[in-house]
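# Descriptive analysis of the structure
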Amino acid sequence: MPDCVNDSFCKFVGWLIYAFPFGRIDVAHSNIAHAFPDMTRAERRKIAYQSCRRMVEMALFVLASPYLSAENLRSRIVIDGFVLDELKKLGSNPHPTVLMIPHFAMMETITMFPVLVSDKIPPTGVFYRPFDNKGLEDWVKSSRQRFGIELLSRKNGLLAAVKFLRENGIVAVLFDQKTYTGERTFLLDRVCTTSDLAGILAEKGGARCAAFWATRTGFWRSRIGGVFFDGKTKEEITFEGNEWLSEKLRTDEIARFDWLWLHRRWLVGDGRSNALGLDFSAESVKYALSRKGLSEVPRTTRILITVPDSFRETLALLPLVRQLRKSRADAFVSLLVQNKYATAVRLFGVADEVVSLPDREDGFFARCAAFRRLADRYADTHLVLADSPADDFQAYLAGANVRLAVERGRRRRFATAVYKPDAAHSAQHVILEYTDFMRRFGLRGEPDFSPLGAGAIEKNPNKIAVMCGGDGIHAWSVEKWCGLIRALSAKIPNAKFAIFGGESDSRTAFEMAKHAEFADVENFAETRGLAESVGEIASCAVAVGTDCAQTHIANALGLKTVAIYGATNPLRSGFVFDAPFAEIVPSGCPVQGGGSVLDNEIADVESAVLSFINEKEELL
């Protein structure tokens, strides 16, 4: 057929691969998005389509090349002058040489050196992956070895490769494929595992090492170029090969289109058992970081976390997020948080990013649209800690490669893997359940529950934070709050009281400030939202409040905190940060809660607050 007909066929089949959803095209889109995060969506999709098209062209060339004459091949393939000179030198003065071949579309043409070069070249062996089908194996060998190149099986070709090098021959290795062994290093600043075979052969055989590649110049046409590396050791050669390829893909548009983006090149630590933990202590990683002038691994692995609906559970999760960033030192962690909490969570600076999502009240479809926009990030892992069918579907829309969830009885649809806590977890703090969940999928090390910072905020040693706690089962009465403030102001000279709360607390806070004229009271409940309250709370020395968001903020900031419980369970939803605290429950109430918060006596709360004050005499 004329080349134009074959080219049109490749375009059509390439479009089919690109347009119809299947696993490999998702891999290509993810690879390209990670490699070129600053590119527009249209630019990335152009690369994906061209890669699909040229993959089909490569496959057709493999089928057709045995039937192309030597004259036809010479008219299609041009060898760069530098490569010709180097091959001529090797012919006259043989020296063991290892070639690193990248996975470009016309890489097959490199096996045709003998017919393209007028001078005699040294004996050459090329590593390949043998086929299980005998007929296909025989055909591949006969077609690729027709010009004198010898194929070396990956399974048992190592001894043959050593023999080639001892005889001053050439050995070629495809070096940019995924491997489960080899050296852990970087490609396009993203951690991957690279075959170190080329480096081992060059180091042990005293060989020079070079990269030879085929640049597509037209349909079934290419120009073969080359570059020699300075490295002598396995680590040097492996690193230099990957850095050369990274720079080639960044700067050369043709190479970018030619490379096979559809293979799973970077899926390191993608297994469910190590999705949240990966060891970067290998010498190859340290060497690569040193050569690149970096102090830490680039954070190019993308992890999303849909946080729980409860703000206190979200706060409790932050120590695990802090540990996750240590456990996966290459991870960029994004917390997906409702708008009403996002600004406050962002102030603690634990995650790499806090993404504001529509609140639950904004509706199912508004949240679905927001999650669908996240799909263009091509996240690697998504932890779904919120628990509803809507959360499962929305995580599916976000399109992460691996989706992990906690299954407490209801089936977690669309999850890649789930963690099923046993019955004992229901009696423990929820953070212990989340810790076991993340350890199940690879979290390394022990979480640090030390308090979080909120910037350099000066504390007022006379200031006590008072958290109203909303309405309903969490609310203490105005009378009891006023009685507590009266009792504390009588025993603590120069005490100042700052009242915090949400919209539902505005009436309670107003009444407290109105009836506490005997004390220095400032009402922030009407003027400070959740995020604006963080700085003011941080300036206090002691906090007292019911089980509400502001009380948990005080614990997270490291304040000495007295929590007044009633119906809620302090064992399940209590404090997690290593700051002094006291939990007050009604007399006769079980430790799991279930009583009325109104049954708590002023004297018990007063005693707990005074014990913190007298402990170090912080208030004067």
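Report on the accompanying structure. None of the values given here were measured: they were computed from a predicted structure.

## Points about the overall build of the protein chain
A count of helices and strands for the protein chain gives 23 helices and 21 strands. Over its C-alpha trace the protein chain gives a radius of gyration of 32 Å, far above what one expects of a compact globule, namely 25 Å for 620 residues. Seen through its principal axes, the protein chain has C-alpha atoms that stretch 105 × 45 × 40 Å. By residue count, 56% of the 620 residues in the protein chain fall in the buried class. Total accessible area on the protein chain is roughly 26,400 Å²; 52% of this is exposed by carbon and sulfur atoms.

## Some thoughts on a nonpolar patch on the surface
Together, F12, W15, L16 and F20 line one region of the surface with nonpolar side chains, adding up to about 420 Å² of accessible area. One can find W15 in helix α1 (residues 3-19).

## Remarks on the sheet that holds strand β16 (residues 463-467)
One open sheet holds the six strands; their spatial order is β18-β17-β16-β19-β20-β21, and the pairing between them is parallel. Sheet topology places β18 (520-523) and β21 (581-584) at the edges, where each strand pairs with a single neighbour. Averaged over neighbouring strand pairs, the angle between their axes works out to 15° when direction is ignored. Bridge count for strand β17 (residues 496-500) against β18 is four bridges, and the pairing is parallel. Bridge pairing in β18 places K496 opposite D520. Packing of helix α21 (residues 549-556) onto the sheet brings it into contact with β16, β17, β19 (542-546), β20 (560-564) and β21, and relative to β20 it is tilted by some 150°.

## Observations regarding helix α9 (residues 197-205)
Considered for burial, the residues of α9 that qualify are A198, G199, L201 and A202. Burial along α9 is one-sided: seen end-on, the buried residues are contained in an arc of 165°. At its buried positions, α9 is contacted by β2 (97-101), β3 (124-128), α8 (158-166), β5 (170-174), β8 (208-218) and α10 (234-251). G206 lies just past α9 and shows a positive phi near 60°.

## Quick notes on the sheet that holds strand β11 (residues 331-338)
Overall, parallel pairing links the six strands, which are arranged β12-β11-β10-β13-β14-β15 in an open sheet. With one partner strand each, in any of the chains shown, β12 (353-357) and β15 (417-419) form the two edges of the open sheet. This sheet shows a mean twist of 20° between the axes of neighbouring strands, independent of strand direction. With three bridges connecting them, strand β14 (residues 402-406) and β15 associate as parallel partners. The partner of V406 across the bridge, within β15, is Y419. Across the face of the sheet, helix α13 (residues 311-327) comes into contact with β10 (301-306) and β11 while running at roughly 160° to β11.

## A look at the pattern of salt bridges
The full count for this structure, using the stated rule, is 40 salt bridges. Of the charged contacts in the structure, one is a salt bridge between R190 and D380, with a shortest N-O distance of 3.1 Å. Taken as a pair, R190 in strand β7 (residues 190-194) and D380 in the loop between α15 (364-374) and β13 (381-384) lie far apart in primary sequence, 190 residues in all. Neither residue differs from the other here; R190 and D380 are each classed as buried. Among the salt bridges present, the one from D252 reaches K248, with a minimum N-O distance of 3.2 Å. The same class applies to D252 and to K248, which are both buried. By sharing partners, the salt bridges in this structure join D387, D392, R408, R410, R412, E433 and R572 into a single network.

## Notes on the pairing of β11
By the criterion of burial, β11 is predominantly enclosed, with seven of the eight residues buried. Examined bridge by bridge, β10 and β11 share six bridges and lie parallel to one another. In the sheet register, R302 faces β11, and the bridge partner there is F332. Note that the unit made of β10, α13 and β11 has a crossover that is right-handed. Alignment of β11 against β12, held across five bridges, turns out to be parallel. Across the sheet, the residue bridging to S334 is E353, located in β12. For the crossover from β11 across helix α14 (residues 339-347) to β12, the handedness is right-handed.

## Examining helix α18 (residues 478-491)
For α18, built from 14 residues, the straight-helix expectation of 20 Å at 1.5 Å per residue is met to within 8% by its first-to-last C-alpha distance of 20 Å. All of the buried residues along α18 are V478, K480, W481, C482, G483, L484, I485, A487 and L488.

## Some words on the environment of L317
Here L317 lies in helix α13. Distance from L317 to Y434, taken between C-alpha atoms, is 7.8 Å for residues 117 residues apart in sequence. When neighbours within four sequence positions are excluded, L317 is seen to be in contact with I305, V307, P308, L385, I431 and Y434.

## Let's talk about the environment of L60
Along the chain, L60 falls in helix α3 (residues 41-64). Since its relative accessible area comes to 21%, L60 is described here as partly exposed. L60 sits 160 residues away from W220 along the chain, and the two C-alpha atoms are 9.1 Å apart. If near-sequence neighbours (up to four positions away) are discounted, L60 is found in contact with F9, C10 and W220.

## Quick look at the packing of α1 against α3
The geometry of α1 relative to α3 is characterised by a closest axis approach of 8 Å and an angle of 125° between their N-to-C directions. When the axis of α1 is compared with that of α3, the two are oblique. Handedness of the crossing formed by α1 with α3: right-handed. The segment α1 lies against α3, with D7, F9, C10, K11, V13, G14, W15, I17 and Y18 engaging R45, A48, Y49, C52, R53, M55, V56, E57 and L60. A class-by-class count of the residues in the contact of α1 with α3 yields 12 nonpolar, one polar and five charged.

What counts and how
Residues numbered from 1 in each chain as written. Predicted model: local features only at pLDDT ≥ 70, side-chain atom pairs only at ≥ 80, totals over all residues. Heavy atoms only, no water. Helix = DSSP H or I, 4+ residues; strand = E, 2+ residues; numbered from the N terminus. Rg over C-alpha atoms; globule rule 2.2 N^0.38 Å. Buried < 20%, exposed > 50% of the residue type's maximum accessible area, 1.4 Å probe, protein only. Areas by Shrake-Rupley, 256 points an atom, 1.4 Å probe, with all protein chains shown as cover. Patch = residues over 30% accessible without salt bridge, like charges linked within 9 Å, V, L, I, M, F, W, Y side chains within 5 Å. Salt bridge = Lys/Arg side-chain N within 4 Å of Asp/Glu carboxyl O. Pairing = 2+ DSSP bridges. Axes fitted to C-alpha atoms, helices over the stretch in contact; angles between N-to-C directions. Contact = heavy atoms within 4.5 Å. Arc of directions from axis to C-beta. Right-handed = clockwise from strand over helix to strand, strands pointing away. Expected span 1.5 Å × (residues − 1). Parallel < 35°, antiparallel > 145°, perpendicular 65-115°, else oblique. Left-handed = near helix turned anticlockwise from the far one by under 90°. Nonpolar A, V, L, I, M, F, W, Y, C, P; charged D, E, K, R; others polar.

These figures capture arrangement, not role.
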